[in-house]
Every structure is written in C-alpha cells, then in structure tokens.
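Coordinate analysis (summary)
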Amino acid sequence: GAVVSQHPSWVICKSGTSVKIECRSLDFQATTMFWYRQFPKQSLMLMATSNEGSKATYEQGVEKDKFLINHASLTLSTLTVTSAHPEDSSFYICSASSGALEAFFGQGTRLTVV
Amino acid sequence: KQEVTQIPAALSVPEGENLVLNCSFTDSAIYNLQWFRQDPGKGLTSLLLIQSSQREQTSGRLNASLDKSSGRSTLYIAASQPGDSATYLCAVIGINTGNQFYFGTGTSLTVIP
C-alpha cells in the first residue's frame, strides 16, 4: 500500500504554545487528507477534511480557529494546534487519499500539553 | 449519518481459540469496509479491505465477511495468539461521504498465553 508519513510521532508542549503536525504522502498525490483525534480508549473521531488548494471542512464541534489545517500541496497537509491546553492532549492521526476509495493512515502523533 | 458499532467492546480468550469480532453499520450505502488493528499508542495497521461487491476477504488466519444489506461484518481470527492482542477497528466509506472513514468503537482483544 501507499505510504503516509506523519511527524512528529510524539510531542510535549507547554500550555499556551502552538504545535504543528505534518502529514505527507510519500509515493502518491493526496487530493484529500483527513485529520482524526483519538482520546484514550476511544475510537477515532474525524476532525476535518481538507482538499488540496481549498479550505478545510471541519466537523461539528471542532474549532477551526484552534485547529488550523493547511493543505497547500498534493503531498503535504499540516495541522496546527494553536494555544494548546491540557485538554488538547490526544492522539492525532492523518489519512490521505488519492481519490480512489481507499485511504492510507499516518503513524499518529501523541500530543501532551503540560 | 453513518454510525458504526462493534461488539464486544472487550474480549479475553485463551491462546489457540478461534474468535469472532462483530461490526455493524447503519447506512448500507458503502463503498468499502476495512478492518484495522491498533496497538497501544500506535497508528493503524490495515488488515483487510472488503469492497461492497465482495462477500469476504481472507489473509492468513484472518477472514472478514460482509453482509451489506444487513449492515454487518465479522472478523474471524483462527487459532489466536498472544501477539494478536490489540484493539481492532472496523471502518466504512460511504457512497455519499467521499473518502471519509467512519470508525467503529473498537474491540479490545487480549489473548492469554
């Protein structure tokens, strides 16, 4: 299958700072990327969908000004958690799709806000 | 909106047993159903993908079936091993929702040596 690389795999930051997570499709062009969040012992919840070159579509309850998503190229999408708080601590996973009915997932990023 | 449910939420079995994990979804208008494995603190590993026109897929000791009309899928694991211990997630891609996955709640499996 195709490879999606997510970086960093884990990050610890201070409350009030911003953190950027990168999601790259290494061997295909990703027209659509998805960002998910997973709290401990819960399933993955979709946060937003981004299409290359356009604004992301956020799910209900997800603050677009807090979780900034940029999908400027066909191989890179970034999620920036702005003014992070301890309640933002979670596992964030991206997935990328070339338009075919299959998506490939990154390795995930464990964010801890202290 | 698509809702995906997995039963049981947790399962503990002795090594060597065969087991079945269940997944149900409310909207049968799907393109694919996919089973994933997730180890603690890790990302997702794809196990099996079943297209809507297929009834089942097999890989090694794993067999996944799909009954789209009833909104159900099962993942059968034969001769379970301690290394199978993980959380298993099923997810569907809907016909009317692009390439967005809707994930189930997961089944946490523990195989006891």
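So, a few notes on the structure that sits alongside this text. (Residues numbered from 1 in each chain as written. Chains lettered and ligands numbered in written order. Predicted model: local features only at pLDDT ≥ 70, side-chain atom pairs only at ≥ 80, totals over all residues. Heavy atoms only, no water.)

Remarks on the packing of aromatic side chains
Here is the rule we go by: Pairs were defined over the aromatic rings of Phe, Tyr and Trp, the Trp ring being its six-membered one, requiring ring centres within 6.5 Å. Orientation was assigned from the angle between planes: stacked under 30 degrees, edge-to-face over 60, tilted for the rest. Numbering goes from the N terminus for both helices and strands, where a helix is a DSSP run of H or I of at least four residues and a strand is a run of E of at least two. Here the term buried applies to any residue with accessible area under 20% of the maximum for its type, exposed to any over 50%, and partly exposed to those in between, with areas from a 1.4 Å probe on protein chains only.
Tallying each qualifying case throughout the model produces eleven aromatic pairs over all chains. Ring centres of Tyr36(A) and Phe105(A) lie 5.9 Å apart, and the angle between their planes is 40°; this geometry places the pair in the tilted category. Within this pair, whereas Tyr36(A) is found in strand β4 (residues 32-38), its partner Phe105(A) is found in strand β10 (residues 104-105), the two being separated by 69 residues in sequence. Taking relative accessible area as the criterion, Tyr36(A) reaches 1% and is therefore assigned buried. Look at Phe105(A) and you get buried, because its relative accessible area is 12%. Ring geometry for Phe105(A) and Phe36(B): centres 5.2 Å apart, planes at 80°, overall edge-to-face.

Examining the interface of chain B and chain A
The condition that has to hold: When checking whether two residues touch, look at their non-hydrogen atoms; a contact exists if any pair is within 4.5 Å. Buried area, as used here, totals the accessible surface that two parts lose on assembly, with accessibility defined by a 1.4 Å probe and the loss added over both. The salt bridge criterion pairs a side-chain nitrogen of Lys or Arg with a carboxyl oxygen of Asp or Glu, the two atoms within 4 Å. For the purposes of these results, a polar contact is taken to be a pair of N or O atoms within 3.5 Å, where, inside protein, one atom must be able to donate a hydrogen and its partner to accept one; residues adjacent in sequence count only when each atom of the pair is a side-chain atom. Amino acids outside the nonpolar list (Ala, Val, Leu, Ile, Met, Phe, Trp, Tyr, Cys, Pro) and the charged list (Asp, Glu, Lys, Arg) are all regarded as polar, and Gly is one of them.
Listed per partner, the contact involves 18 residues of chain B and 19 residues of chain A. Taken over both partners, the interface formed by chain B and chain A buries close to 1500 Å², and the fraction arising from carbon and sulfur atoms is 58%. Counting the contacts that link chain B with chain A gives zero salt bridges. Applying the counting rule to chain B against chain A returns four residue pairs in polar contact (both at pLDDT 80 or more). Among the secondary structure elements, those contributing two or more residues to the side of chain B that touches chain A are β4 (30-38), β5 (44-51), β9 (86-94) and β10 (101-103) of chain B. A breakdown of the residues in the side of chain B that touches chain A according to their chemical character gives eight nonpolar, nine polar and one charged.

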